Amino acid sequence: MSAISELSTVRRVKAKSPEEKRLRAKEAARDNKAGYLFLLPWLIGLVLIVAGPLIASLYLSFTNYSLIQAPRWIGLENYARMLDDPRLHQSLKVTFIYVIVGVPLQLIAALAIAMLLNEGMKGLAFYRSVFYLPSMLGASVAIALIWRQMFESDGLVNQVLRVFGIPATTSWIADPKYALWTIILLHIWTFGSPMVIFLAGLRQIPGMYYEAASVDGASHWAQFRKITLPLLSPIIFFNLVLQIINAFQAFTQAFVVSNGTGGPSDSTLFYTVYLYQRGFGQFQMGYAAAMAWLLVAIIAAFTAINFFFSKYWVFYGD
Amino acid sequence: MALNRRQFLIGAGGLAAAATTMGLSACAPGAPSGGSQGGGEQGGKTALALAWWGNPTRNKNTEALIQAFQQASPNITLNGQPGDFASYWDKLATQTAGGQAPDIIQMDMAYISEYGNRGALLDLGKNGADTSKFVEGTVESGKINDQLVGVNAGINTAVIVANPKIFEKAKMDMPDDKTWTWDQLSDVAAEVAKKAGIPFGLVYLFGGDPMFGAYLRQNGKELFTEKDVGFEPADAQAWFDLMMKFQKAGGIGTPQQISEEGSPGGGKPIDQSAIVLGRGAMQYQNSNQLEALNAASGESLKLLRAPSLAGKATERKAWYKASMLWSASAKTKNPEAAVAWINWFANTKEAVDIDKAERGIPPNAELQEYIKPKLSPAQQQVAKFIVDIKPELASTPIAPPPGGGKLAEIMFRYESDVLFGKASTAEAAQKFVDEVKSNLQV
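Residues numbered from 1 in each chain as written. Chains lettered and ligands numbered in written order. Predicted model: local features only at pLDDT ≥ 70, side-chain atom pairs only at ≥ 80, totals over all residues.

1. As for the overall build of chain B
When its secondary structure is counted, chain B shows 16 helices and 12 strands. Counting over 442 residues, chain B shows a buried share of 53%. Put simply, of all contacts in chain B between residues at least 6 apart along the chain, 76% involve residues at least 24 apart. (Helix = DSSP H or I, 4+ residues; strand = E, 2+ residues; numbered from the N terminus. Buried ≥ 20, exposed ≤ 12 C-beta atoms within 10 Å, placed from the backbone. Contact = placed C-beta atoms within 7 Å.)

2. Brief notes about the domain arrangement of chain A
Domain parsing of chain A yields domain 1 (2–60) and domain 2 (79–313). Computed from C-alpha atoms alone, the centre-to-centre distance between domain 1 of chain A and domain 2 of chain A is 37 Å. (Domains from an automatic or database assignment.)

3. Examining the nonpolar core
One finds I112, L124, A338, W341 and I342 of chain B to be the most contacted residues of the largest nonpolar core, which totals 117 residues. When residues in this core are grouped by element, the largest group, 11 residues, is from helix α11 (residues 220–248) of chain A. Excluding residues within four positions of it along the chain, W341 of chain B makes contact with F69, L78 and I104 of chain B. Grouped together as the second largest cluster of nonpolar side chains are 74 residues, A193, F212, V418 and V433 of chain B included. (Core = buried A, V, L, I, M, F, W, Y, C linked by C-beta atoms within 7 Å.)

4. Details of unusual backbone geometry
Residues and elements named next belong to chain B. Its identity as a non-glycine residue notwithstanding, Y204 has a phi of 75°, on the positive side. For Y204, the position within the fold is in the loop between β9 (200–203) and α7 (209–218). The backbone of K356 shows a phi angle near 45°, a positive value even though the residue is not glycine. Mapped onto the fold, K356 is located in the loop between α12 (349–355) and α13 (365–371). Its 19 C-beta neighbours within 10 Å are what place K356 among the partly exposed residues.

5. Focus: the environment of Q223 of chain A
Residue and element names in this part refer to chain A. Positionally, Q223 belongs in helix α11. Taking the C-alpha atoms as reference points, Q223 and A56, 167 residues apart in sequence, are found 52 Å from one another. When neighbours within four sequence positions are excluded, Q223 is seen to be in contact with Y210, A213, A218 and T228.

6. Details of the packing of helix α10 (residues 290–297) of chain B against helix α14 (residues 377–388) of chain B
Residue and element names in this part refer to chain B. For the pair α10 and α14, interaxial distance at closest approach is 9 Å and the crossing angle is 145°. As for the relative orientation of α10 and α14, their crossing is right-handed in sense. Taken together, the residues of α14 that come into contact with α10 (itself represented by L290, E291 and N294) are A378, Q379, Q381 and V382. Partitioning the contact of α10 with α14 into residue classes produces 3 nonpolar, 3 polar and 1 charged. (Axes fitted to C-alpha atoms, helices over the stretch in contact; angles between N-to-C directions. Left-handed = near helix turned anticlockwise from the far one by under 90°. Nonpolar A, V, L, I, M, F, W, Y, C, P; charged D, E, K, R; others polar.)

7. So, the pairing of strand β4 (residues 104–107) of chain B
Residues and elements named next belong to chain B. A two-sided burial pattern is seen for β4, the buried positions comprising I104 and Q106 on one face and I105 and M107 on the other. In this sheet, β4 lies alongside strand β2 (residues 45–53) in parallel orientation, the contact comprising 2 bridges. If you follow L50 over to β4, its bridge partner there is I104. Bridge count for β4 against strand β12 (residues 321–328) is 4 bridges, and the pairing is antiparallel. (Pairing = 2+ DSSP bridges.)

8. A closer look at the domain arrangement of chain B
All names here are of chain B. What the domain assignment reports for chain B is domain 1 (42–154 + 321–385) and domain 2 (158–317 + 406–441). Spacing between the C-alpha centres of domain 1 and domain 2 amounts to 29 Å. Listed by partner, the interface residues are 11 residues for domain 1 and 8 residues for domain 2. For the side of domain 1 that touches domain 2, the secondary structure elements donating two or more residues are β12 and α14. For the side of domain 1 that touches domain 2, the element with the most residues is α14, which contributes 5 residues. For the side of domain 1 that touches domain 2, the class distribution of residues is 4 nonpolar, 6 polar and 1 charged.

9. Section: the packing of helix α5 (residues 124–137) of chain A against helix α9 (residues 192–204) of chain A
Residue and element names in this part refer to chain A. Remark: α5 packs on α9, axes separated minimally by 7 Å, with the N-to-C direction vectors making an angle of 140°. Regarding the angle of α5 to α9, the classification is oblique. Touching R128, F131, Y132, L133, P134, S135 and M136 of α5 are G192, S193, M195, V196 and L199, all from α9. Looking at side-chain class alone, the contact of α5 with α9 contains 8 nonpolar, 3 polar and 1 charged residues. (Parallel < 35°, antiparallel > 145°, perpendicular 65-115°, else oblique.)

10. Regarding helix α10 (residues 207–215) of chain A
Of all 9 residues making up α10 of chain A, only 0 are buried, and the element is barely covered by its neighbours. Phi turns positive one or two residues past the end of α10 of chain A, at G217 of chain A, with a value near 85°.

11. As for the confidence of the model for chain B
Residues and elements named next belong to chain B. Chain-level pLDDT for chain B is 87 on average; 89% of the residues reach the 70-or-more range. This stretch, residues 19–41, has a pLDDT under 50; its non-local contacts, to residues over four places away or in other chains, come to 55 contacts. Scored as a complex, the prediction yields pTM 0.83 and ipTM 0.80. (pLDDT = per-residue confidence, 0-100.)

Right, dumping it as structure tokens:
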């Protein structure tokens, strides 16, 4: 849409006589119509599949809705109850740890691998695909099940440790001290999609900057800090914003690894897992809807903070 | 805040991603595609939708049952909707919310009052359900507010299954389950685990609510009264203390092992449970699962009674549990046809010939006698056990009030807190009771 209207703007500026202007405007309107027509399938989807449930969920968040009986309006009661819900607070704690630890580590891994791949090795396409694969699979039930078995007391991880003479019998998924960290590890492992974006970003940086820096005797570390990071900062920002939003909504991994309980001892009670338990396990869909809107508010706040601080470190070069 | 175009695009991407969250709360996974639900008239025939959860054997049986029923009642067509237990309830909830509930619903004790109390289930008593031949104590489970909203589809009882081979290996006699107390159970569990060199003497005892229920009943309490929790924090604390005693004695594994094994229903699939893999000597289970456990383990496991405080089985306040029930949607267009299926299933030889004891021992006394010789050895053992414990029965516990179905899950969570030293038994007990109560108020 914006591309089309931008084009029209350009032409409108060039138009001189009033008559010509009118003609151009008409043309632009026709262009816009075509644009909207092409957008229609997406717009219909947005209105019916996203906007409808969105508004319904906002309404439900002000009701007591058991799924079975009709919703009953209770005003802000659901939101008030959240203040006094220890499991909600636990789920927020778990989710914040997951986001604040998991996202930066995942991005660091993604950038490191992207830089390795950018060195122009043989078989780049192959390696790129191999490293991308985990992020295709990471949110799947199958991988979560495998993860579960790997970190059991007799799982692959302990078996490998035993090969190296470490008598490991810890069940990593069954102890509240470790369970969340196995899921964070799974998150880090799915660095593929930010990696691919980083790789594209790295390709955009002109090689001559590095050449010039080398001539001046800059070390690799200095080149990374002074050239790569600033020029890549818009891409880092993009990945950061998207990954934070995604991480807040993580569900499958925790749900499968903990058998839907968020256990042991609520140590993997992700926000969305708790939301699901409330909505579908305890028939409190009104409360679940209110929880969803709190999550929207949290994500919006995080994104706004991100945008606010971006002006101090994101360099657009234009 | 002024946005440039790049920032705008990132923001828009973010919004789109965030929108999926709200989708989660507004629509269910696996929601029905609509239209295929029964309840309509098809050329003089009534078509009803019939939903159940099950395993491969039950699915096969139920398809055969549907065929046989349709032959017996040519005016009724049944459209089967099989499912598995976990997703069954999400689907049923969304179907019910959309006014598309299946006409005939296989129901569980944990959920019957969620639906029954909210008027989603048909009063089967008023619509001609026939439970006149049912054994005493088997009809009550399906009653909510004096209305019969579920007909018992098979009798179950909470048991401890034991592997005689492991006791042999430990050079121990099988314990006398008619006289054992909770403390003796702890001793036996610890001894057999040690002597047989396996992680668990006893699995699942503290993770399931039936054993907690048995303990409470022996102390003069119940899990639930009609509208409230039937026990005090002190009772829960006593139960948690008992668990710690078992754990310290060495009979139920380390905290990590207990946590990894999970709770019955919320843990591993039955064919990977400790007793099947030879890692446990005894395991809490419902009686109708004996056959599945035998099949998975290749062993001939034995049924043992739950212990008693007094050391007398006749004082252990046992009860018959409905392994599952048949309910009908309050909105079904043809209540008579729905009840016809339920009566046919509950009271005819034809039906029991097909399903045998897959859904538990038939509650109909005549059919119990009729089917006994046709049962597999494991099912015969269960049938005999169900009859043998008659003198030990006390009143049938009522269904949990709405919101109470999650008691076991909540209990296991606080037990984990205690096991991992995150809470004292007193703190955990108080929080446990508070949380169960707060769920009931909604």
